[in-house]
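# Per-entry structural report
So the chains spell out like this:
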Amino acid sequence: MKCPKLIVTCPHGKEERAIEEIMDILISRDLNVQCCVTRFPGVLMVFTSMDSLEAAKLLYTKPSSFIFRITPVFECVEADLKKIVEVCLKLAKQYMKPNCKFHVDCTRRGRRVSSSLEVERKVGEAIIQSLNCIVDFKNPDFIVKVEIVGDIAGISILKHFELFKKKAKPR
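What you are looking at is a predicted structure, and each value in this text was computed from that prediction instead of being measured.

### Some thoughts on the packing of aromatic side chains
Evaluated as defined, the whole model comprises two aromatic pairs. Relative to F164, the ring of Y60 lies with its centre 5.4 Å away and its plane at 55 degrees, an arrangement referred to as tilted. On the criterion of sequence distance, the pair formed by Y60 in helix α2 (residues 52–61) and F164 in strand β10 (residues 164–165) is long-range, its members being 104 residues apart. In this structure, K2 packs its charged tip against the face of F47, placed 4.7 Å from the ring centre.

This is the structure we're talking about:
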């Protein structure tokens, strides 16, 4: 399974234009960057040798018209609930401190897991049990981001300022 460093959303039907923007921005830092459409309209995967947060920040700070949301991916796993929980817990232990505030945000595309809510609950329970953290939706220290795209789950542990959303306006 090839793991993307970024999952990017764009307007439906504008995937090729968004790919052009992504390639134009990232090619200066990685000549081997690749971007591909998924079977889900408006969802792209970016493969690069760059650090995922560095690549996300670069895309976010450069002008673009077709890039909406940029999600860095720290690790990928098969879209299976048990495996997702395991990797989320491993990353939480690596990035989060005990007793911190967090919440889990899962976006599910495809049917490999039964629901985003179930993923959020199971991952949240595991982190609470292991790190004694507190769920806080309004002011979290960390956001556990799970992006399920078909058979792959991209997982990251982000701070609120590492959620990259653009207000893109198609030309």
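### Thoughts on helix α3 (residues 81–95)
Counted at 1.5 Å a residue, the expected span for α3 with its 15 residues is 21 Å, and the 21 Å between its end C-alpha atoms agrees. Turning to α3, its buried residues number three or more, namely I84, V85, V87, C88, L89, L91 and A92. Buried residues along α3 sit in contact with β5 (75–78), α4 (116–131), β8 (142–149) and β9 (152–158).

Criteria and cut-off values
- Residues numbered from 1 in each chain as written.
- Predicted model: local features only at pLDDT ≥ 70, side-chain atom pairs only at ≥ 80, totals over all residues.
- Heavy atoms only, no water.
- Phe/Tyr/Trp six-rings, centres within 6.5 Å; stacked < 30°, edge-to-face > 60°.
- Helix = DSSP H or I, 4+ residues; strand = E, 2+ residues; numbered from the N terminus.
- Lys NZ or Arg CZ within 6 Å of the ring centre and 35° of its normal.
- Expected span 1.5 Å × (residues − 1).
- Buried < 20%, exposed > 50% of the residue type's maximum accessible area, 1.4 Å probe, protein only.
- Contact = heavy atoms within 4.5 Å.

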